[in-house]
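Reading the structure
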Amino acid sequence: MNILFLTSEIHPLIKTGGLADVSRSLPLALHALGHGVRILLPGYVGVQAQLTDIHCILEDFPHGLLPAPARLLEATLPDTALTLWILDCPKLFERAGGGPYQDEKGKDWPDNPARFGAFCAAGAWLAQQAGARLNWAPELVHCNDWQTALTPALMKFWACPVPSVLTIHNLAFQGNFPAHWCSSLHLPSSEFHMESLEFHGQLSFLKAGIVHANQITTVSPRYAREIQTPQMGCGMDGLLRRRASDLSGILNGIDELWNPETDVFLPFHYTARKLQGKARLKKHLQKKMGLPVLPDVLLIGMVCRLTWQKGIDLILDTLEDWLTEEVQVVVLGSGDPETERQLAHWSSRAPERVRVVLGFNEVRSHEIIAGSDLFLMPSRFEPCGLAQMYAMTYGTLPLAHATGGLADTILPYRAQGHSVEGTGFLFENPVPHEFHETLGQAVACFHQKDVWNQLMHHAMARDFRWNKAALEYQTLYQTLLSAP
């Protein structure tokens, strides 16, 4: 099959979260199955400089679709055989700032509807015209999150016969904008109603995709069920229930870059049979973070956005209590300024126990996940989560709230006579006392070396590679293409 894959970010060129990792790994897995994949990406500032074989394949991208002149460039994604198409429109995408969606002060660009509306229009046009103009015709279009979700709607409005799939990586981010953007983007005024583009008086990119895509997927089976409930549906649960027969959850996989035996970011390597390298990495991490080198102290790691969703308040509310245990804590991330301030306070108050690095660093994230004993993910909701799968692959046991993909991937610790089951620790409700009790259980297990080693081996035996998920997507695509 020929698949046009639309994404607003992709590792290693531009990344704000897990979408970038999936946008590399899933097309790679589909390519390995023999499918032809073209990945369409906005031409952000700095992207072209990272590509060595970039060239123009369409000089005169139809100007009527976009608010400024644009070209279509082609290149190979670094360290892969994947073909990358880049919408080169400097007026929309070549901007300094904190990332693809925000300026240097962390504020969303006010013309994001125009930027990503144009990107969606480019995707819909390619779905219809690429065969004639570029000698490569997509048989299916796969969109991801709100930034690309207007594409299936435009394809319907333009009577494009190519089927579309929309993957919701996080329903909380919906791309909702004032109603005037409907006319500004030249969308049919007849479609601005509650059964199509309108959501509580606003234009909603994500709702447009949910309504008009042929199939909808989420990134874990449990999350697919959760978003059909009022508690987790972010106001769209009724619509998702109506489309339940076209909605499925396919669990993400993890990239082959995450492998403790070959990880290029680590100074030492190891396997489940030879764990000496993990002990050396723990010592390396303690030294690098300025912590006392104590092999028998539970080293707890966390790498995430510092937001309410990630349950950071559960940690802050209980930190004073569990620092009485023999533990060390390492946190890497950025986000809410007040959360950053409180974590920095603890780092200065208890420097031999707590170390915090604000921001994101790819090398440091690998070091924390590999060098820690326990990895925290107390997220209030987590559509899939990748870090818990990375952690288990590295023999670092996750402690998480039983939600979404966390519950789908982590097998909870259970004692069975002289043996144990599980690959981590789960708590049912995101409240401080349950989190604290589960942490106490993990600390107790850590001091029973036989128990901890069994859990580590269970975790490292799990296979989270993309093979299974890619086959599920392949089946979904084939079903779509064979439908009337």
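A brief structural summary. For clarity, every value in this text was computed on a predicted model and none was experimentally measured. (Residues numbered from 1 in each chain as written. Predicted model: local features only at pLDDT ≥ 70, side-chain atom pairs only at ≥ 80, totals over all residues. Heavy atoms only, no water.)

**What to know about unusual backbone geometry**
- A cis geometry characterises the amide bond from H11 onward to P12, with omega recorded as 5°.
- Note that P12 resides in the loop between β1 (2-6) and α1 (18-32).
- Positioned with a positive phi, D79 is a non-glycine residue whose angle comes to about 65°.
- Tracing the backbone shows D79 in the loop between β4 (71-76) and β5 (83-88).
- In this structure, H186 is a non-glycine residue whose phi angle is positive, near 60°.
- Looking at H186, the relative accessible area reads 69%, which means it is exposed. (Helix = DSSP H or I, 4+ residues; strand = E, 2+ residues; numbered from the N terminus. Buried < 20%, exposed > 50% of the residue type's maximum accessible area, 1.4 Å probe, protein only.)

**Overview of the sheet that holds strand β14 (residues 327-333)**
- With parallel pairing, six strands are arranged side by side in an open sheet as β15-β14-β13-β16-β17-β20. Either end of the sheet is taken by a strand with one partner, and the two such strands are β15 (354-358) and β20 (425-427). When the angles between neighbouring strand axes are averaged without regard to direction, this sheet yields 15°.
- Here two bridges tie strand β13 (residues 298-303) to strand β16 (residues 374-377), and the two strands are oriented parallel to one another. Each bridged residue has a counterpart across the sheet, and for I300 the counterpart in β16 is L374.
- Helix α10 (residues 312-322) rests against β13, β14, β16 and β20 of the sheet, and its axis sits at about 160° to β13. (Pairing = 2+ DSSP bridges. Axes fitted to C-alpha atoms, helices over the stretch in contact; angles between N-to-C directions. Contact = heavy atoms within 4.5 Å.)

**Here's the deal with the pattern of salt bridges**
- A complete count under the given rule lists 20 salt bridges for this structure.
- Measuring nitrogen to oxygen at the nearest pair gives 2.3 Å for the salt bridge that ties D255 to R24. You can see D255 sitting in the loop between β12 (247-249) and α9 (276-288) and its partner R24 sitting in helix α1, a full 231 residues away along the chain. Here D255 matches R24 in class, with each residue buried. (Salt bridge = Lys/Arg side-chain N within 4 Å of Asp/Glu carboxyl O.)

**As for the packing of α1 against helix α17 (residues 467-482)**
- Where α1 contacts α17, the two axes come as close as 9 Å, and the packing angle between them is 70°. Of the possible angle classes, the one that applies to α1 and α17 is roughly perpendicular. Contacts between α1 and α17 pair L26, A29 and L30 from the former with A470, Y473 and Y477 from the latter.
- Residues that form the contact of α1 with α17 fall into these classes: six nonpolar, no polar and no charged. (Parallel < 35°, antiparallel > 145°, perpendicular 65-115°, else oblique. Nonpolar A, V, L, I, M, F, W, Y, C, P; charged D, E, K, R; others polar.)

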